Amino acid sequence: MALPLPRTTGHLIQGNYIGPDVTGTVALAPSTAEGLIVVANASVLDNLVSGNAEGGMSLLDNNIVRGNLIGTQRDGTSPLPNGNFGGISISGSGSTIGGSGAGQGNVIAFNVNNGIAINLNVSSNRISKNSINSNTYLGISPQNGTGDPLTRDAVVSGNHCV
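Quick caveat: nothing in here was measured; it's all calculated off a predicted structure.

Asker: Where do I start with the overall build of the protein chain in this structure?
Answerer: Within the protein chain, the regular secondary structure consists of 0 helices and 17 strands. With 162 residues in all, the protein chain has 44% of them scored as buried. Partitioning the contacts of the protein chain with sequence separation of at least 6, the portion at a separation of at least 24 is 67%. As displayed, the protein chain has an accessible area near 7200 Å², and 53% of this comes from carbon and sulfur atoms.

Here it is, written out as structure tokens:
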């Protein structure tokens, strides 16, 4: 699912199965796309984003991602991995992944590659109170360059990474 360009704002993406069939246990086949490409200023809440060959979701600027199951089946504990880049790729600034309130954390697990990849030259992203485990590589990874984007006003706290 891709939100339309040019940059549109204010989208609510909530309660969807993005990648799996209606049972939430098997990927729709064949899938060669990313689950979500979110341009800016969207709220992505309480979705199942799993089984997508090119990755779970790509984020640009100022998005809120809370309460999602990313890379799991609908039970939140069985694998249904996203491919390519893994769970979430952050290519913009000012997004919030998770939160401190009840149900705001995401489960990001079993993905091929990283749970969350933060691209170079982004800033002010907040990643907090998520359960990030059993991904092929890192739970949270700075990507694509020699600099460390986590030194640019990012807040990473309270995540349970295994």
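Right, picking up where we left off after that structure.
Asker: I keep staring at the nonpolar core and nothing clicks. Help me out?
Answerer: Burial of nonpolar side chains together is a common tendency in soluble globular proteins. Core analysis: the largest hydrophobic core is formed by 21 residues, its most contacted members being Met57, Leu59, Ile88, Ile90, Ile97 and Ile116. Dropping the residues within four chain positions of it, isoleucine 88 is found in contact with Met57, Leu59, Val65, Ile70, Ile97, Ile108, Gly115, Ile116 and Ala117.

Asker: Honestly, the pairing of strand β3 (residues 36-40) in this entry has me stumped. Any pointers?
Answerer: The side chains of a regular strand alternate, first on one face of the sheet and then on the other. β3 sits mainly inside the fold: 4 of its 5 residues count as buried. Note that β3 and strand β6 (residues 57-61) share 4 bridges and pair parallel. Looking at the pairing, leucine 36 lines up with methionine 57 of β6.

Asker: Can you help me understand the environment of glycine 19 in this one?
Answerer: Note on placement: glycine 19 falls in the loop between β2 (17-18) and β3. For glycine 19, a relative accessible area of 14% puts it in the buried group. Through-space distance from the C-alpha of glycine 19 to that of alanine 53 is 8.8 Å; in sequence the pair is 34 residues apart. Sequence-distant contacts of glycine 19, defined by excluding residues within four places in its chain, comprise Ala27, Leu28, Ser50 and Asn52.

Asker: How should I be thinking about the environment of glycine 101 in this particular structure?
Answerer: Mapped onto the elements, glycine 101 comes out in the loop between β10 (96-98) and β11 (107-109). By relative accessible area, which is 30% here, glycine 101 ends up partly exposed. In the structure, glycine 101 is positioned 28 residues away from lysine 129 in sequence and 8.8 Å away in space, judged by C-alpha atoms.

Asker: Would you take a moment to explain the sheet that holds β6 for this structure?
Answerer: Strand pairing in a sheet is mediated by backbone hydrogen bonds. Such pairs are either parallel or antiparallel. Spatially, the 5 strands line up as an open sheet ordered β3-β6-β9-β12-β15, and their pairing is parallel. Each having just a single partner strand, β3 and β15 (140-142) make up the two edges of the open sheet. Direction aside, neighbouring strands of the sheet carry axes that sit 15° apart on average.

Asker: Whenever I open this one, the side chain of asparagine 133 confuses me. Can you help?
Answerer: Following the sequence through the fold, asparagine 133 ends up in strand β14 (residues 131-133). Its relative accessible area of 16% is what places asparagine 133 among the buried residues. Within polar-contact distance, the side chain of asparagine 133 engages the side chain of serine 131 at 3.3 Å.

Asker: What exactly am I supposed to notice about the environment of isoleucine 116 here?
Answerer: Locating isoleucine 116 in the fold gives a position in strand β12 (residues 114-118). By relative accessible area, isoleucine 116 is classed as buried at 0%. Along the primary structure isoleucine 116 and serine 58 are separated by 58 residues, whereas in three dimensions their C-alpha atoms are 9.9 Å apart.

Asker: Can you help me understand unusual backbone geometry in this one?
Answerer: What you tend to see is this: most non-glycine residues have negative phi, and most peptide bonds are trans. The phi dihedral of asparagine 62 is positive, around 60°, even though this residue is not glycine. Inspection of the secondary structure puts asparagine 62 in the loop between β6 and β7 (64-66).

Asker: Just checking my understanding: could you explain the pairing of β6 for this structure?
Answerer: Sheet topology places β6 next to strand β9 (residues 86-90); 3 bridges connect them, and they run parallel. By the bridge assignment, methionine 57 is partnered in β9 with isoleucine 88.

Cut-offs applied
Residues numbered from 1 in each chain as written. Predicted model: local features only at pLDDT ≥ 70, side-chain atom pairs only at ≥ 80, totals over all residues. Heavy atoms only, no water. Helix = DSSP H or I, 4+ residues; strand = E, 2+ residues; numbered from the N terminus. Buried < 20%, exposed > 50% of the residue type's maximum accessible area, 1.4 Å probe, protein only. Contact = heavy atoms within 4.5 Å. Areas by Shrake-Rupley, 256 points an atom, 1.4 Å probe, with all protein chains shown as cover. Core = buried A, V, L, I, M, F, W, Y, C linked by side-chain atoms within 4.5 Å. Pairing = 2+ DSSP bridges. Axes fitted to C-alpha atoms, helices over the stretch in contact; angles between N-to-C directions. Polar contact = N/O pair within 3.5 Å; in protein donor to acceptor, adjacent residues only side chain to side chain.

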